[in-house]
Each structure stands twice: as structure tokens, then as C-alpha cells.
Amino acid sequence: MYIKRRIINIFFMLFLTSFFIPSCRFTDSPIINKGDNKVLLAAYETQIGQSKQILLLQKERAFLFSKYFVYALEKKNDRWNLAFGPLEAVIGKNGFAPSGKKREGDGKTPSGIFLLKRTFGYNKFISSKMPYQQVLEDDLWVDDPEDSSYNQWVKENKTKATSFEKMRRTDNQYKYGIVIEYNTDPVIKSHGSAIFFHVWKAKSSSTAGCVAVSEENLVKILAWLDPSFNPLIIMGISEEDDL
């Protein structure tokens, strides 16, 4: 009986500790040291190519919990440096899909290295050097795998798709956004659509497969991005390495 009580007490203490450790472990301090950036990115040198700006999405673990953080990295004098971050982020409700395994409607964020070439939002203009398109009421993003416009931005009167996402939402999640160029060239049927970097619904809310941060932090990222630096996002790859 004594041993049974001891086991129960141990599990109870572990349960209580799980609520306190994350608050102590998760900080705004970088888990990536500036001197480690070159080593960290060396494995992806071929895919990175001529890029001089990278958004690196990394998981930080604390006991039984984990959070995601975005690091803005820039290359100067052949060295990768931390421009700013970490910025807390959220991803798909079902985590990351391994490379090549993302499917439409699975609630997962694709893993890989993807171009960042275009931005969008509700305002007529934003403070960014990136190509920008204002979202209007008749703008849709098609997520119907059977439609010829699958995973494309179209006008409502230009598609017969049976499933799509309205880009002008009733909330602020698409007030600012970046298209993550996943499955856009070429487009593969049913492999996932509408993967964006956008404003989160709330700090504790996951997405349907996108990456999301606070509005303040996304505005900061948009002001930093420069198309002449061929910006990329790297995400989910470190988790594949852990498998």
C-alpha cells in the first residue's frame, strides 16, 4: 500500500511540475547562437542557393511541452547572422507532415525549404519591399483538388471550384500574409493548398496547416523581407532529423 501511495505521489508531482516548468523554460532568449548559424545551415546549402534571408522555424522543448519560434537570419559577408527573433509561432493542429507527405485537409504543416515571393493583406499598401496584393471581397484561394485552379488565387467569377477559401476573412488572420510557395510550381493534386504565413487567431490557437505569428511580429517580418535577397522559409526539417 505504501509503494502504491508513493507511485501516485510521484505522478501527481510530475503532473504539477508540467505546469510550472514550461513557464520557466520558454524564454525570449535565442536558442540559436550567432556562431552556430553557419553550421546549422550548412546541411541545407544546396537548397538555400543564393538566398540571403531566411525565416527559420524551430521547435523548443520544455519537459512534456513544446513551442515553435521563428528566427530571422540574414547573410552578410558570407556569414549567417541573427537579424531578430525568436518570435513565438504556431503551426498546423496536427503538427508537421514529413517532406512529400502533406495532403489536403490533413491539418498538417508541410516540411521543407520554400520560397517567399509574394505577400497580401487587407490594406491598400503595406510597409514592405515584397510584391504585395490587396485582398478584395471576391478573392478566393481554391482548395478543391479536382478543379483546374487548385492551389491558386482566383477571382470568384473565374472558377467553378466547389471548395475554396475566401481571402477576405471576417477576422484579422489574413490582414497581413505571406504566401509560402508550397505546391505552387508545379501544383500536385491533393498535396495541400493555401499554405501561408499569417496573423494568428490567438497565441494558443493552432492553424489548419499554415504558420502564424502575432500581427506585430508579422509586420516586422514584412518590413525586413527583401525580394532581391531571395528569401526562404525553412520549417519542419529539424523534426525529421529527430525521427
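Here, every reference points to the structure presented above.
Structure report, in brief. Keep in mind it's a predicted model, so treat the numbers as computed, not measured.

## Points about the environment of Glu-104
No. 1: For Glu-104, the position within the fold is in the loop between β4 (96-97) and β5 (109-110).
No. 2: A relative accessible area of 28% places Glu-104 in the partly exposed class.
No. 3: Once residues within four sequence positions are removed from consideration, Glu-104 is found in contact with Asp-143, Pro-145, Tyr-150, Ser-190, His-191, Gly-192 and Ser-193.
No. 4: At 2.6 Å, the side chain of Glu-104 and the side chain of Tyr-150 are in polar contact.
No. 5: Only 2.9 Å separates the side chain of Glu-104 from the side chain of Ser-193, close enough to count as a polar contact.

## Re the packing of aromatic side chains
No. 1: For the structure shown, the criterion picks out 9 aromatic pairs.
No. 2: Ring centres of Trp-141 and Phe-196 lie 5.0 Å apart, and the angle between their planes is 85°; this geometry places the pair in the edge-to-face category. You can see Trp-141 sitting in strand β8 (residues 139-142) and its partner Phe-196 sitting in strand β12 (residues 196-199), a full 55 residues away along the chain. With respect to class, Trp-141 is no different from Phe-196; both count as buried.
No. 3: Cluster of aromatic residues (ring-pair linked, three or more members): Phe-120, Trp-141, Trp-153, Tyr-174 and Phe-196.

## With respect to the layout of surface pockets
No. 1: Approximately 330 Å³ is the volume attributed to the largest pocket.
No. 2: Considering the residues around the largest pocket, the lining is formed by 27 residues, among which Glu-165, Ala-194, Ala-208, Gly-209 and Cys-210 are closest to the centre.
No. 3: Residue composition of the lining of the largest pocket, grouped by class: 8 nonpolar, 10 polar and 9 charged.
No. 4: Lining the second largest pocket are 13 residues, and of these Ser-66, Tyr-68, Val-90, Ile-91 and Ser-206 lie nearest its centre.

## Observations regarding the pairing of β12
No. 1: Sheet analysis places strand β11 (residues 176-180) next to β12, joined by 3 bridges and oriented antiparallel. The residue bridging Val-179 from the neighbouring strand is Phe-196, located in β12.

## Structural notes on the nonpolar core
No. 1: Leu-55, Leu-57, Ile-180 and Phe-197 are the most contacted members of the largest nonpolar core, which totals 30 residues.
No. 2: Here this core takes 4 residues from helix α4 (residues 215-224), the largest share from any one element.
No. 3: Leu-73, Trp-80, Leu-232 and Ile-234 belong to the second largest nonpolar core, which has 13 residues in total.

## Overview of the side chain of Thr-109
No. 1: Within the secondary structure layout, Thr-109 lies in strand β5.
No. 2: There is a polar contact of 3.5 Å between the side chain of Thr-109 and the backbone oxygen of Cys-210.
No. 3: Excluding its chain neighbours within four sequence positions, the residues that come into contact with Thr-109 are Ile-91, Gly-92, Gly-95, Phe-96, Ala-97, Gly-209, Cys-210, Val-211 and Met-235.

## Observations concerning α4
Each full turn of the α-helix corresponds to 3.6 residues, which orients residues three or four apart in the same direction.
No. 1: Among all positions in α4, only Asn-217, Leu-218, Ile-221, Leu-222 and Trp-224 are buried. Projected down its long axis, α4 shows its buried positions confined to an angular sector of 160°, all on one face.

## Things to note about the environment of Glu-181
No. 1: With respect to the element layout, Glu-181 can be found in the loop between β11 and β12.
No. 2: C-alpha separation for the pair Glu-181 and Leu-232, spaced 51 residues apart in sequence, amounts to 9.2 Å.
No. 3: When near neighbours in sequence (up to four residues on either side) are disregarded, Glu-181 contacts Phe-114, Leu-115, Lys-117 and Arg-118.
No. 4: One polar contact links Glu-181 to Thr-184, side chain to side chain, over a distance of 2.8 Å.

## Some thoughts on the pairing of strand β2 (residues 65-76)
No. 1: Bridge analysis of strand β1 (residues 53-62) against β2 gives 10 bridges, and the strand direction is antiparallel. Bridge pairing in β2 links Leu-56 to Tyr-71.
No. 2: In textbook terms, the turn of a hairpin is the stretch between consecutive antiparallel strands, and for β2 and strand β3 (residues 79-89) this stretch comprises 2 residues, one of which, Asn-77, has a positive phi near 55°.

## Section: the pattern of salt bridges
No. 1: Applying the stated criterion across every chain yields a total of 13 salt bridges.
No. 2: For Lys-76, the salt bridge is made with Glu-74, and the minimal N-O distance between the two is 3.6 Å.
No. 3: On the basis of relative accessibility, which here comes to 48%, the residue Lys-76 falls in the partly exposed class.
No. 4: With a relative accessible area of 18%, Glu-74 lands in the buried category.
No. 5: With a shortest N-O distance of 3.1 Å, Lys-175 and Glu-215 are connected by a salt bridge.

Reading the values: the criteria
Every residue gets a number counted from 1 within its own chain, in the order that chain's sequence is written. Selection of residues for local features in this predicted model requires a pLDDT of at least 70, selection of side-chain atom pairs for listing and counting requires 80 or more, and totals for whole chains, interfaces and linings are taken over all residues. No hydrogens and no water enter the side-chain calculation; it runs on all heavy atoms of the structure. Under the DSSP-based scheme used, a helix requires at least four consecutive residues in state H or I and a strand at least two consecutive residues in state E, with every element numbered from the N terminus. We call a residue buried when its accessible area falls under 20% of the maximum for its residue type, exposed when it is over 50%, and partly exposed in between, using a 1.4 Å probe and counting protein chains only. Whether two residues touch is decided by their heavy atoms; if any such pair falls within 4.5 Å, the residues are in contact. In protein, a polar contact means a hydrogen-donor-capable atom and an acceptor-capable atom, both N or O and within 3.5 Å, with residues adjacent in sequence counting only if both atoms are side-chain atoms; elsewhere, any N or O pair within 3.5 Å suffices. We call Phe, Tyr and Trp rings a pair once their centres come within 6.5 Å, taking the six-membered ring for Trp, and we label the pair stacked below 30 degrees between planes, edge-to-face above 60, and tilted otherwise. A 1.4 Å probe that fits but cannot get out identifies a cavity on a 1 Å grid over protein atoms alone, an open set with protein on both sides within 12 Å along at least five of seven lines counts as a pocket, and a residue lines either if it has an atom within 4 Å of a point. Grid points are joined across faces, edges and corners, and a volume is the space filled by probe spheres set on the points. Note on residue categories: nonpolar means Ala, Val, Leu, Ile, Met, Phe, Trp, Tyr, Cys or Pro, charged means Asp, Glu, Lys or Arg, and polar means any other residue, Gly included. Pairing between strands requires that DSSP locate at least two bridges from one strand to the other. Remark: nonpolar core denotes a set of buried residues (Ala, Val, Leu, Ile, Met, Phe, Trp, Tyr, Cys) joined through side-chain atoms within 4.5 Å. Here, the arc refers to the directions that run from the helix axis to the C-beta atoms. By definition, a salt bridge exists where a carboxyl oxygen of Asp or Glu is found within 4 Å of a side-chain nitrogen of Lys or Arg.

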